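# Secondary and tertiary structure notes
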Amino acid sequence: QVQLVESGGGSVQPGGSLRLSCAASGSIFDINTMGWYRQAPGKQRELVAIVTSAGNTNYADSVKGRFTISRDNAKNTVYLQMNSLKFEDTAVYYCYVGGLRVGINWGQGTQVTVSS
């Protein structure tokens, strides 16, 4: 069992920035992939960014150049720095961790709202 605690969500104006964090605890051995998904009302949950234990990253085309994902293995934490936020970034953001032994685990979600 993996416990994920998310923080950093909130409401910002277009062009603003937020930094999300997700701390993992519990059965955290063999975590490979950590990342973020998001879900807007009426839409499917979509991948935002992921980072592997090897340091490889992947981003959705819609956030490339604006978002940066990173992880601190000593703190068992993954971060998402979000800059130049747009209206269409408004969604609930879910932390994700996965691995061969730990399986797939989801955070509870944190709301990000971009409005003027």
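Scroll up a little and you will see the structure.
Described below are features of the structure shown in this document. Predicted, not measured: the structure shown is a model, and the values here were computed from it. The residue count restarts for each chain, going from 1 along the sequence in the order it is written. The predicted nature of this model means local features are confined to residues of pLDDT at least 70 and side-chain atom pairs, given and counted, to a pLDDT of 80 or more, with totals for whole chains, interfaces and linings taken over all residues. Side-chain calculation: all heavy atoms of the structure are included, whereas hydrogens and water are not.

### Concerning the sheet that holds strand 3 (residues 18-26)
Short version of the rule: Only strands that DSSP links by at least two bridges are regarded as paired with each other. Put simply, DSSP H or I for four residues or longer makes a helix, DSSP E for two residues or longer makes a strand, and each gets a number counted from the N terminus. Simply put, an axis is a line fit to the C-alpha atoms, just over the touching stretch for a helix, and the angle between two N-to-C directions goes from 0 to 180 degrees.
With antiparallel pairing, 4 strands are arranged side by side in an open sheet as 1-3-8-7. Edge positions in the sheet fall to strand 1 (2-7) and strand 7 (67-72), since each has one partner strand and no second. For this sheet the average axis-to-axis angle between neighbouring strands, irrespective of direction, equals 15°. When strand 1 meets strand 3, the two strands line up antiparallel, connected through 6 bridges. In the strand pairing of strand 3, Gln-3 is matched with Ser-25.

### Observations regarding unusual backbone geometry
What counts here: Burial classes follow relative accessibility: with a 1.4 Å probe on protein chains only, a residue under 20% of its type's maximum area counts as buried, one over 50% as exposed, and anything between as partly exposed.
A positive phi angle, close to 70°, is found at Asp-30, a residue other than glycine. Its location among the elements puts Asp-30 in the loop between strand 3 and strand 4 (33-39). The exposure class assigned to Asp-30 is partly exposed, which follows from its relative accessible area of 29%. In the Ramachandran plot, Ser-84 falls in the positive-phi region, its phi being about 50° despite a non-glycine side chain. Relative to the helices and strands, Ser-84 resides in the loop between strand 8 (77-82) and strand 9 (91-99).

### Focus: the nonpolar core
Applied cut-off: Among buried residues, those of type Ala, Val, Leu, Ile, Met, Phe, Trp, Tyr and Cys that are joined through side-chain atoms within 4.5 Å constitute a nonpolar core.
If you look at the biggest cluster of nonpolar residues, it comprises 30 residues, and the most contacted ones within it are Trp-36, Leu-80, Met-82 and Tyr-93. Residue assignment for this core shows that the elements contributing at least two residues are strand 1, strand 3, strand 4, strand 5 (46-51), strand 7, strand 8, strand 9 and strand 11 (110-114).

### With respect to the side chain of Thr-77
Position of Thr-77 among the secondary structure elements: in strand 8. Its relative accessible area of 8% is what places Thr-77 among the buried residues.

### Concerning the state of the cysteines
Rule in force here: When two cysteine sulfur atoms lie within 2.5 Å, the pair is treated as a disulfide.
Applying the stated criterion to the full structure yields 1 disulfide. Covalently, Cys-22 is tied to Cys-95 through a disulfide, its sulfur atoms 2.1 Å apart. Across the S-S bond linking Cys-22 and Cys-95, the dihedral sits near -90°, which makes this disulfide left-handed. Of the two residues, Cys-22 is situated in strand 3 and Cys-95 in strand 9; the sequence distance between them amounts to 73 residues. What makes Cys-22 buried here is its relative accessible area of 0%.

### Let's talk about the packing of aromatic side chains
Put simply, the rule reads: Only Phe, Tyr and Trp rings take part, Trp by its six-membered ring, and two of them pair if their centres are within 6.5 Å. Stacked means planes under 30 degrees apart, edge-to-face means over 60, and tilted covers everything else. In this analysis the charged atom, NZ for Lys or CZ for Arg, is taken to sit over a ring once it is within 6 Å of the ring centre and within 35 degrees of the ring normal.
According to the stated counting rule, one finds 3 aromatic pairs in the structure shown. With a centroid separation of 5.0 Å and 75° between ring planes, the pair formed by Tyr-37 and Trp-106 is classed as edge-to-face. One end of the pair, Tyr-37, is in strand 4; the other, Trp-106, is in strand 10 (residues 103-106), with 69 residues separating them in the sequence. An aromatic cluster is defined as three or more aromatic residues linked by ring pairs; in this entry it consists of Tyr-37, Tyr-96 and Trp-106. Here Arg-19 stacks its cationic end above the ring of Tyr-79, 4.2 Å away from the centre of that ring.

Shape descriptors only; they carry no functional weight alone.
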